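Coordinate analysis (summary)
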Amino acid sequence: MPLALLALAVGAFGIGTTEFVMMGLLPNVAADLHISIPTAGHLVSAYALGVVIGAPLLAAVTARMSRRKVLIGLMGLFVLGNALSGLAPDQHWLLAARFLSGLPHGAFFGVGAVVAMSLAAPECKARSVSLMFMGLTVANIAGVPVATLMGQHLGWRATFLGVSAIGVAAIASLFLLIPHDHTHAPAGGLRGELAALRSLPVWLALGTTVAGFGALFSAYSYVTPMLTDAAGYADGSVTLLLALFGVGATIGNLVGGRLADRSLRGTLFGGLVSMVLVLALFPLLMATEWSAALAVTLLGTAAFITGSPLQLMVMEKASAAPSLASSANQAAFNLANAGGAWIGGLALAAGFGVTSPAVAGAGLAVLGLVVAGAAYAVDRRREQVPVPGRLVAAHVPERAESVRG
């Protein structure tokens, strides 16, 4: 695998850290800015909104630019957003800075996935994408816990300034390791990129992302009360258990990348079936401490087995607009974050029990399987449609025989 993938992984590590660290810093931010924790929670939503808006927008407007320059520019915007977050004087400035920090997120992963594929051999495309995303999963193991501890001991502003430093290191890595060749976007431009998204298979692939990862976030958004109220863990143990989720996600990401190079759709279906089984068993697994730890790890593994296959599938279905389609998939991922958390919250509010968000997530995973099955059926139908030119050619000899007769 090319060393250039390391530069993409460093950028992914920084983005993953800043995305998830806010959950652990909410009490500190709320206390320092004299706001309530629910109000501070809007900072999480501001970042997600930035991702959803920025992913397709920035990918589209940079369609004609060198992808190497685009990646460096996006990481520069990431550094600026996090630096402004660390220097924000009040909650309004911090909301704006978090929104700015989220803008380059999806486009970086979208363009980065295209570059990763272009740098790897054809039989290693999914594996190369998974290695870039490994930076995101490792962030849940090391980056988020370390950044949270830094915020608790040095102040939350130090955390965002530290993340900015990671972004600077990523810029240096991109500048040094991403080659000038293999990184130029096709000449189709914005119009060509947008036209390629009119395909039904593209939207079915994006729908699979929303449903599949919505299943993950339906459960993961409420995993802390599950671990404390159902499994009986102390509050101080939750951080370590969430790191187990990161370990599972890293394993699933690497395994999914390898398997997808052999069977893209088979890996996708296998990952979604695994999600259904793990989430359906969550109420039982949360009954004891050891099985709850296993459940968290398995959840990360099952969910991220599908990550690389979904990213690659969206890009293949929109081969004329890989950067925009790949970035749109990141927007779909964040829609899944918001939608899954909302559905899991509805299950809790209805009084179905502390583990009910996981059962709701199992239902979303089943929906993901249905959408993926519909995408498969559409592909099979299109493959079986006869080509008119071939039909005419096939009838020419028969017609000639009739004339001679």
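Look above for the structure.
Given the structure is predicted, the values throughout are model-derived calculations rather than measurements.

**A few points about helix 16 (residues 322-349)**
- Between its first and last C-alpha atoms helix 16 spans 40 Å; for 28 residues at 1.5 Å apiece the expected length is 40 Å, and the two agree.
- The buried count for helix 16 comes to 20 of 28 residues, which makes it a mostly enclosed element.
- Note on helix 16: the residue one or two positions beyond its end, G351, has a positive phi of about 80°.

**Things to note about the packing of aromatic side chains**
- Tallied over the full model, the rule gives eight aromatic pairs.
- Their ring planes at 85° and their centres at 6.1 Å tell us that F108 and F109 sit as a pair that is edge-to-face. The same class applies to F108 and to F109, which are both buried.
- Between F109 and F133 the ring centres are 5.1 Å apart and the planes differ by 5°, which places this aromatic pair in the stacked class. Of the two residues, F109 sits in helix 5 (residues 91-119) while F133 sits in helix 6 (residues 125-154), which places them 24 residues apart along the sequence.
- Through a chain of ring-to-ring contacts, three or more aromatic side chains come together here, namely F213, F217, Y220, F245, F304 and F333.
- The cationic tip of R68 hangs over the ring face of F175; the distance from NZ or CZ to the ring centre is 5.1 Å.

**Here we look at the pattern of salt bridges**
- Enumeration over the complete set of coordinates arrives at three salt bridges.
- Between D261 and R127 there is a salt bridge, and its shortest N-O distance comes to 3.9 Å. Here D261 is found in the loop between helix 11 (238-260) and helix 12 (264-280), whereas its partner R127 is found in helix 6, with 134 residues between them in sequence.
- In this structure D261 comes out as partly exposed when scored by relative accessible area, which is 22%.
- By relative accessible area, which is 24% here, R127 ends up partly exposed.

Calculation rules
- Residues numbered from 1 in each chain as written.
- Predicted model: local features only at pLDDT ≥ 70, side-chain atom pairs only at ≥ 80, totals over all residues.
- Heavy atoms only, no water.
- Helix = DSSP H or I, 4+ residues; strand = E, 2+ residues; numbered from the N terminus.
- Expected span 1.5 Å × (residues − 1).
- Buried < 20%, exposed > 50% of the residue type's maximum accessible area, 1.4 Å probe, protein only.
- Phe/Tyr/Trp six-rings, centres within 6.5 Å; stacked < 30°, edge-to-face > 60°.
- Lys NZ or Arg CZ within 6 Å of the ring centre and 35° of its normal.
- Salt bridge = Lys/Arg side-chain N within 4 Å of Asp/Glu carboxyl O.

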